[in-house]
Structure formats: C-alpha cells, structure tokens
There are 2 protein chains.
Amino acid sequence: MNNNKASIQSTPLHTREGQGGGSFRTLADLYRSELLDRTIPFWLNKSQDTEFGGYFTCLDRDGSVYDTDKFIWLQGREVWMFSKLYNTVEPRQEWLDAAIQGAEFLRKYGHDGNFNWYFALDREGHPLVEPYNIFSYTFAVIAFGQLSIALKSAGQVELGEEYASIAKRTFDIVLSKTDNPKGKWSKASPGARALKTFDLPMILCNVALEIEPLLEPAFLQKAIDDCLHEVMDVFYRPELGLIVEALGKDGNLVDCFDGRKLNPGHAIEAMWFVMDLGKRLNRPELIKQAVDICLAEVEYGWDKEYDGIFYFMDRLGKPRHELEFDQKLWWVHLETLISLIKGYQLTGDQRCLDWFQRVHDYTWSHFRDPEYPEWYGYLNRQGEVLLPLKGGKWKGCFHVPRGLMNVWKILDDLASRS
Amino acid sequence: MNNNKASIQSTPLHTREGQGGGSFRTLADLYRSELLDRTIPFWLNKSQDTEFGGYFTCLDRDGSVYDTDKFIWLQGREVWMFSKLYNTVEPRQEWLDAAIQGAEFLRKYGHDGNFNWYFALDREGHPLVEPYNIFSYTFAVIAFGQLSIALKSAGQVELGEEYASIAKRTFDIVLSKTDNPKGKWSKASPGARALKTFDLPMILCNVALEIEPLLEPAFLQKAIDDCLHEVMDVFYRPELGLIVEALGKDGNLVDCFDGRKLNPGHAIEAMWFVMDLGKRLNRPELIKQAVDICLAEVEYGWDKEYDGIFYFMDRLGKPRHELEFDQKLWWVHLETLISLIKGYQLTGDQRCLDWFQRVHDYTWSHFRDPEYPEWYGYLNRQGEVLLPLKGGKWKGCFHVPRGLMNVWKILDDLASRS
C-alpha cells in the first residue's frame, strides 16, 4: 500500500546490529519527513480560514472543505500544535502566524466572555453548542499556554502575557469543575449511581506539564500529585491489570455499561503523560509502572484476528452499545507509538521496541494515505478505510502531527545515542 | 444460514400463479410462527424481572441477562407490544399479565410524579438518567394507551381508566414540548442556527392512531393534520425525492452535519404510519404518495455492493460523523418489510412486492438467529453479525415482534383475498 511499510518491514529493528543508530536514524527521518513535508503543510494550506479566522477541520481526503463549523476542541488543538512546533522544532514565522490567527478567533468567539468555552461555533464565530464539554476548556488551556511561551520567545511579550492569563484563568475554571464537569448539562439524576471518569485526570496529567512555566511550583505540584493519584492509584486496577474508564465516586468498580467500559487507546496515551511526569519528577519506578501498564493495555487491546487496537472493550466481555467499538482509530495507534517508543527510550525494555515495530507496521500501512497528505482516521475492524476524510468533528491537526513529532524526536535521541 | 430463506427464495412471489393465496399463506404462517412460537416466548420468559418488576432488555444471544438497567423507551415499548398482541391477536391472559406488571413498574418508578418520564432506571427503579428524551414520553403514551384498551375489554375498567389518564396526560405534555423537546437539556446555544427534527412528528403520526379511542375527535384531527403536514409537506423534499432528518425552523434545508443527515429506515417507517393515516382518513392519494416515497427511500438507501439498507447517509454525499453509518440494523429492515407489504396491500403496486421479496430474503437470512430465538440487531456493512445480543440499551421487545405481527396480518389478508 505504501513504500515506507516495505522498507521498514524488510529490516526489522530488533534484528539490526545493536538495534543501532542507523535504523533509528532512518526511522527518525521517515517520521520527520511525514510531519514536516506532508502533514503540517496540509494543515497550513488547507485548514486556515483566511476570511473569518480560525480553522476548517472538516477536510476531505484531498483537503477540500466539506463543512465549515468550528469545533473548539480542534481549534484549540491546532493552535497548540503550531505553537508546539514553533517552541520545539524551530521558530518558523508561518507557524507562529498560523497559531496566532487561530488564537485570535478563539479569544474573540470561543468563549462566553468569562472563559466558558463553547463546544462549537459556526464559520463566522457565532456559538452553536453551549460550553458543556470540559475538554473545550482543557484544549484552550494548552493552546493559549503554548502560544504564550512562543510569543515570549518571539519578543511579543504583551500578547504573550494576555494569552498566559487566558490559559491560567481557564485552568482555574477546569480545576473548579473536576467534581462535576458537565454541570447543568449533566443528565444524571440527582442521587443516582454517580460515576467519575478517567478522561479528565488523564488529560490533566498532560495539561499540567504543558503550562508548567505559567504555574506556581506549589500549585503545579499539587495538580500533578492529584492527577497522578487518580490515574495510577484509582483508575488503574491491579486486579485487572488495566485502566477502567469510569468508577463509582467511592473508587469502586461498578457493573454497568459505563463501569465496564475500557478504552485501551486512552489508557495507553495516559501512560506517556505519566512517563513524562516520571521523568520530570525523577521517579524511575513511576516510569516503569507506566511502561508495564502500557504493554498490558497493548496486549489486551490488540485484535488477534485482524490486527490493530480496538476502540472500546468491555472488562467483563459483555456486548457494548457503542457500535463503533471494534473499529480502528488513528489516534489510538499514534498515541500507542508514542508510548511504546518513549517507554523504550526511558527504560530500554525490549518489549516496547518489539511492539513499536508491530504497531508502526500496522499504522503506516493502514492509516497513511499514499496519494494525499494526512492520514485516514477511521478504519473498520478489518482495517479497511471506513471514511476517506482527513479531518472532521473530532479529527483535526493534532494526533497525527503530535504523534509524528514525538516519535521523530525520540528516535532522533535514540539514533544520536548509538 | 436458515431453511426459511431457501424455501422462500426457491419460489419467488412474483413468479407464482397469480401471486396467489398459496404463497401468501405460506409466508403468513412463517411470520406468525416466528412471532408466536419463537419471539414472544423469548421475551415472556427471559425479560420479565419477577423480583423488582419491569423488564430486562439487555439480553445476550441465548437470552441471559448481561445488564439490569431499565431504559424507559424499552419498558414502554414492551408494555405496548404485549397489550397490542392482546388487543389484535388474541386475549391471552399471560400477555395481559406481562403488560400489567411492566406498566405497574413504569407507573411507580418511570416518572417524577408529574409524568415526566426518566430515560433510565436501575433495576430497583431508582432514576439514573433525567427526563431529557421526548421518546420516553411517547412510548409511555402508547404503552398506557394500548393497555387501557386491553383492560377495558378484559373488564378491568378502573385500572383501564387510570392508565388511560396517564396516557392522555403524558400525550398533553408531549404536545406541549414539540417546539423544544429537549428543554433545559438542550446544548444548542440560544439564538444559534436552530433546527427541527423529523423524529417527533414522525412518531406522532403513529401515536395519534394508537390512542385514538382516548382522544376527542377534533383534538385527534388537529394532531393528525399537524404531524401529516410536517412529515409530507415539510420534511419530505420534492427536490430530493427524500425525507431529511433535520431542517431549519423556517423549513429550509441547512448545509451542516445535522441538516445533511438522511436516515432511510426512519423515512420508510414513517411511510407506513402515513399509509395507516391515509386508510383511516380515506385518502388514497396520500397512500399513493407514501408508497412512492417509501420506494424512493428503499432504492436510495439500498447498499448496491453488499445489500441491506444503510443506517445513515448524507444528502450531499459528504462524510458522516456517525461511525455506524454503514451498518445494517434490524429495525430498519423490519420497518421496511411492513411498509412494502402494506404498500402492496393498499395499492397493488408490483414494485412493492418485488422489493418486499428482496428485503425479506436479506432480512431473514442475515438477522434471524437459527440457533436461538429473537434476531440479531446489528450487522456490519458486509452483513456479518457485529454484536450477538438480542436486546440492549436500544433494542427490546418491539421492532422484531411488531414487524412480524404486522407483516403476518397483512399477508394473512392478502392470502384470504385470493
């Protein structure tokens, strides 16, 4: 299906001399090129709305716009991506400009005046869907946080300070909502079986490090301790060896649809957030634990019949009501690549490298579109393309470029060590 | 895959002598037997919660309970189904008893005291999900309406009156909510692009006739006129030859995800509701219009590659965000069988009989489980079983038995005419 697959498969990493610098270098170049030569130009050229600001994310296979609504998750994530590239790859002006134009659209139209972030806007910026979703807020935090860092390094201190303030104020709102993220939009009956979900503490593990320079050290430490505790001591269940998506408020397993739900990609993604925290806190035992959980999740989530990692599973093997449960999604596989190669980088665990090769082969041969840039997002269980889109309501300029960037940088480090 | 398929396919209806009584009789017997010998005993024996009342609907392939939550849509629909059988097939006491025990559970626990019907309860009847969904109300209306008719014919006048009152009071609430069915649970921003959806007027076409004996004639007439107008003059779009799922409040087509959405099964189901109204109102031109729309929808929705009718489509051919869009669902195919055979019964249109045979063959060979009673609900695009369940959060004692009953009765009428 594409030449990259063949060239990688023909020289498996673990059979090369000393797992050496040569193959890591080749692979690093592959990821770098896919990021900088194909993926980022796609979003730069196809997604920016030069008329009304912000980004189109509903892009068809060739990048043509098929819907103009603007979803705050994806607006924030694209601002973050261009800012992160500027901060960690190189200070290209076009990346900074792209980030600022998205951020200005968000600043003007994305919230209600009090940094309550809508879920969706129309093309012109009129609100369509109310601020019911906490992740519209978290992605605004990392967007304005990363961009403020970029602006300060670019000498635009005043705008940087304004954006830093938006990030911090929004982060405060997120933390104030952790007990009841949906607020008045929750459909749970008062007093009913109350559940808490993995998604918010998991994302906060990442957000905390993303905006570290903006936070007081004691405040940061408290935020990190809280989310690490939730992820590793509460949602990770030693009796299952897995992370569950929802628990009773008392921290116990619950036998209902939500309480049985597993999302291996989610758990695996969280593990590289935890590895980053383990590195930052100098806690090798935390890194090792994250690596072990990551490997257990990959083993459990892998489809032994058709390959790839399932989207949703049931911890008791009961039928799911999410009809897409057996599909193979792009973000699951890109996040898995990050976790596995980061696990190898930080621990040298050979199992990580073996699984990385397997997931790499599947991902590149199934999600990558050899004809047009960016990758497919949705495959059926068998690995066939379900939707030809490159972006939509939930897929934007985020998991593919973030995954390529992270894996490239880690491979680059591994190559330079050899 | 099952013997029925072979026997039917070997003697296609349209090649039989005079499309005659013999083949209609054989087919009628097949549907009757599948209903009364397999499907209804399954629900009678497997779904009743003899401890706490109401029905389990999360039933695995063999009928074992895999989840005990109770969803009001499905509780109401099962009460309706047993009541309808009692009223239209024969007055079996076990059907009446099964309906009453479900209705008592609903009366005690299903609403907030003011006939605002919750979406879900736990096994014991504690509310889990608030009354955000208007169809919890509409299915309560037909449940208590049909059961009140059964009770009156069984001589239980007092309980019948009480249930009739619940049906009427709930129907009044439904009608008061037609402009804003989601109420405070709507996530639409005030003043944003406002849409109205096809589902409510479509269901009201059916509800009105279901509870006809409980309504004042003038009130009934007004309700029928309103929903018929919405379905046939507003949501049916002559420029497309199809029914759309959502329109602007002004009745215009809107180019957004919701405004592009087509649900062929929904449209086809609505057409047998309209045929019933056409018969009731003695309006043959309305019946003919419904038959033509039904045929257009079946043609449009049919998967030319793998057979079966798609779940969701996009009227502009753009990608959908519902990842289950290409799956084949049980209810779509059962409702299509009703509409096609009813269309033939009422108009003699040969196209209806030809399509009926084709959909019958697909449905019986793909959805019917030859090993255990009741049918599969969810197939992938290729027609393979996606989930082995016989009931769940959305599938209960409704579309399979209602479809079998309606088709049986119509085939019986066609056979007796020959």
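Cut-offs used in this document
Residues numbered from 1 in each chain as written. Chains lettered and ligands numbered in written order. Predicted model: local features only at pLDDT ≥ 70, side-chain atom pairs only at ≥ 80, totals over all residues. Heavy atoms only, no water. Pairing = 2+ DSSP bridges. Helix = DSSP H or I, 4+ residues; strand = E, 2+ residues; numbered from the N terminus. Least-squares fit on C-alpha atoms with pLDDT ≥ 70 in both. Core = buried A, V, L, I, M, F, W, Y, C linked by side-chain atoms within 4.5 Å. Buried < 20%, exposed > 50% of the residue type's maximum accessible area, 1.4 Å probe, protein only. Contact = heavy atoms within 4.5 Å. pLDDT = per-residue confidence, 0-100. Buried area = accessible area lost by both parts, 1.4 Å probe. Salt bridge = Lys/Arg side-chain N within 4 Å of Asp/Glu carboxyl O. Polar contact = N/O pair within 3.5 Å; in protein donor to acceptor, adjacent residues only side chain to side chain. Nonpolar A, V, L, I, M, F, W, Y, C, P; charged D, E, K, R; others polar.

**Student:** I tried to follow the sheet that holds strand β12 (residues 328-329) of chain A on my own but got confused; where do I start?
**Tutor:** Hydrogen bonding along the main chain pairs the strands of a sheet, whether they run parallel or antiparallel. What the three strands build is an open sheet, ordered β12-β13-β14 (chain A); its pairing is antiparallel. Since the sheet does not close on itself, it has two edges, and those belong to β12 and β14 (385-387) of chain A, each with one partner.

**Student:** I would appreciate a short explanation of the relation of the copies chain A and chain B in the present structure.
**Tutor:** Here the two chain copies are tied together by a rotation about an axis and a shift along that axis. Least-squares fitting of chain A to chain B yields an RMSD of 0.0 Å, with the superposition described by an axial translation of 0.0 Å and a rotation of 180 degrees. In the structure described here, the two chain copies are related by an operation that fits a two-fold rotation axis.

**Student:** Explain the sheet that holds strand β3 (residues 70-71) of chain A to me, please; I cannot follow it from the model alone.
**Tutor:** Residues and elements named next belong to chain A. Ordered by their spatial adjacency, three strands build an open sheet running β3-β4-β5, and the pairing between neighbours is antiparallel. Each edge of the sheet is formed by a strand with only one pairing partner; in this case those strands are β3 and β5 (127-129). In this structure, strand β4 (residues 120-121) lies alongside β5, joined through two bridges in antiparallel fashion. Opposite Leu121, over in β5, you have Pro127 as the bridge partner.

**Student:** Just to check I follow, could you spell out the nonpolar core for this structure?
**Tutor:** Soluble, globular proteins show a tendency: their nonpolar side chains are buried together. Within the largest apolar cluster, 303 residues are counted, with the highest numbers of intra-cluster contacts made by Met271 of chain A together with Met271 of chain B. Non-local contacts of Met271 of chain B, meaning those with residues more than four positions away in its chain, are made with Val231, Met232, Ile243, Ala290, Ile293, Cys294 and Ser339 of chain B.

**Student:** Help me understand the confidence of the model for chain A in this model?
**Tutor:** Caution applies to low-pLDDT regions: their predicted coordinates should not be interpreted in detail. Residue and element names in this part refer to chain A. Chain-level pLDDT for chain A is 94 on average; 95% of the residues reach the 70-or-more range. Between residues 1-11, whose pLDDT stays under 50, and residues either more than four places distant or in other chains, the model counts 21 contacts. Low pLDDT, under 50, characterises residues 15-20; the predicted model gives this stretch 10 contacts beyond four residues in sequence or across chains. Under the prediction, the complex receives an ipTM of 0.93, its pTM being 0.94.

**Student:** Honestly, the interface of chain A and chain B in this entry has me stumped. Any pointers?
**Tutor:** Note: interface size is frequently given as the accessible area lost on complex formation between the parts. Contacts between the two partners involve 42 residues from chain A, matched on the other side by 42 residues from chain B. Between chain A and chain B, a total of about 3,500 Å² is buried, with carbon and sulfur atoms accounting for 61% of that surface. Ranking the residues of chain A by area buried against chain B places Lys187, Pro319 and Leu323 of chain A at the top, with a combined share of 21%. Counting every contact that joins chain A to chain B gives four salt bridges. For Asp67 of chain A, the salt bridge goes to Arg260 of chain B, with nearest N and O atoms at 2.8 Å. Along the contact surface separating chain A from chain B lie 14 residue pairs in polar contact (both at pLDDT 80 or more). Listed by contribution, the elements that provide at least two residues to the side of chain A that touches chain B are β2 (65-67), β5, α9 (257-260) and β14 of chain A. Looking at the side of chain A that touches chain B element by element, the count peaks at three residues for β5 of chain A. When grouped by side-chain class, the residues that make up the side of chain A that touches chain B number 21 nonpolar, six polar and 15 charged.

**Student:** Where do I start with the pattern of salt bridges in this structure?
**Tutor:** Charged atoms that come close allow side chains of opposite charge to pair. Taken as a whole and judged by the stated rule, the model has 76 salt bridges over all chains. With a closest N to O distance of 3.9 Å, Glu161 of chain B and Lys152 of chain B form a salt bridge.

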